[in-house]
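A structural walkthrough
This is what each chain is made of:
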Amino acid sequence: QVQLAESGGGLVQAGGSLRLSCAASGRTFGAYTMGWFRQAPGKEREFVAAISSGGGSTNYADSVKGRFTISRDNAKNTVYLQMNSLKPEDTAAYYCAGGKRPLDYRNYNLPYQYAYWGQGTQVTVSS
């Protein structure tokens, strides 16, 4: 029922910034928790950030706190990840995800709580 498409990835030098966007289809976008995850080669999929359906709650992995900001514009069916002060260890494929259950913001850091996934966008941070 929901399709997600990430964009905005690319190559950036350490200390630089990128803004990722995730465009969603579906009339019920505003009812879902949205998250960002990332996965580097040889590593497990890692939680990055989550935002509640109305945008009132956000949570971040410790590794990105203070550097990344998740936001959403429900009128545009879009969620964003502003990435500042990028580090080489941020290099990964980044995926946006939509929660399984409308209005449910529990266990937002667990991949299995998300039912909808984008195709991923690559972020590469050079040193």
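See the structure shown above.
All of the points below concern the structure found in this document.

Criteria and cut-off values
Residues numbered from 1 in each chain as written. Predicted model: local features only at pLDDT ≥ 70, side-chain atom pairs only at ≥ 80, totals over all residues. Heavy atoms only, no water. Pairing = 2+ DSSP bridges. Helix = DSSP H or I, 4+ residues; strand = E, 2+ residues; numbered from the N terminus. Axes fitted to C-alpha atoms, helices over the stretch in contact; angles between N-to-C directions. Buried < 20%, exposed > 50% of the residue type's maximum accessible area, 1.4 Å probe, protein only. Salt bridge = Lys/Arg side-chain N within 4 Å of Asp/Glu carboxyl O. Core = buried A, V, L, I, M, F, W, Y, C linked by side-chain atoms within 4.5 Å. Contact = heavy atoms within 4.5 Å.

Quick look at the sheet that holds strand β8 (residues 78-83) now. The antiparallel open sheet is built from four strands, whose spatial order is β1-β3-β8-β7. On the outer flanks of this sheet lie β1 (4-7) and β7 (68-73), each paired with one strand and no other. Sheet twist, expressed as the mean angle between neighbouring strand axes with direction ignored, is 15°. Relative to β8, β7 runs antiparallel, the two being bridged by six bridges. Paired with F68 across the two strands is M83, which belongs to β8.

Our focus in this paragraph is unusual backbone geometry. One non-glycine residue, N77, adopts positive backbone phi at about 55°. The residue N77 is located in the loop between β7 and β8 in this model.

To continue, consider the pairing of strand β5 (residues 46-51). In terms of burial, β5 is largely enclosed, as five of its six residues are buried. Direction of pairing for strand β4 (residues 34-39) relative to β5: antiparallel, over a ladder of five bridges. Its bridge partner lying in β5, R38 is registered against E46. The pairing of β5 with strand β6 (residues 58-60) spans three bridges and is classified as antiparallel. From the neighbouring strand, A50 faces β6, where its bridge partner is N59. Counting the residues that bridge the hairpin from β5 to β6 gives six residues, and of these G55 lies at a positive phi of roughly 85°.

Take the pattern of salt bridges next. The final tally for this structure, using the stated rule, is five salt bridges. Among the ionic pairs, R67 bridges to D90, the shortest N-O distance being 2.7 Å. In this pair, R67 sits in the loop between β6 and β7 while D90 sits in the loop between β8 and β9 (92-99), placing the two residues 23 residues apart along the sequence. D90 carries the same exposure label as R67, and that label is buried. Two residues, D104 and R106, come together in a salt bridge whose shortest N-O distance is 2.9 Å. For D104, a relative accessible area of 14% gives the class buried. Through salt bridges with shared partners, a single network forms among R38, E46, R67 and D90.

This brings us to the nonpolar core. Counting residues in hydrophobic clusters, the biggest one holds 35 residues, and the most contacted among them are W36, V79, L81 and Y94. Those elements that provide at least two residues to this core are β3 (18-24), β4, β5, β7, β8, β9, β10 (114-117) and β11 (121-126). In terms of residue count, the dominant contributor to this core is β5 (five residues). Every residue in contact with Y94, bar those within four places of it in the chain, is listed here: E6, L20, W36, F37, R38, V48, F68, L81, M83, G120, T121 and V123.

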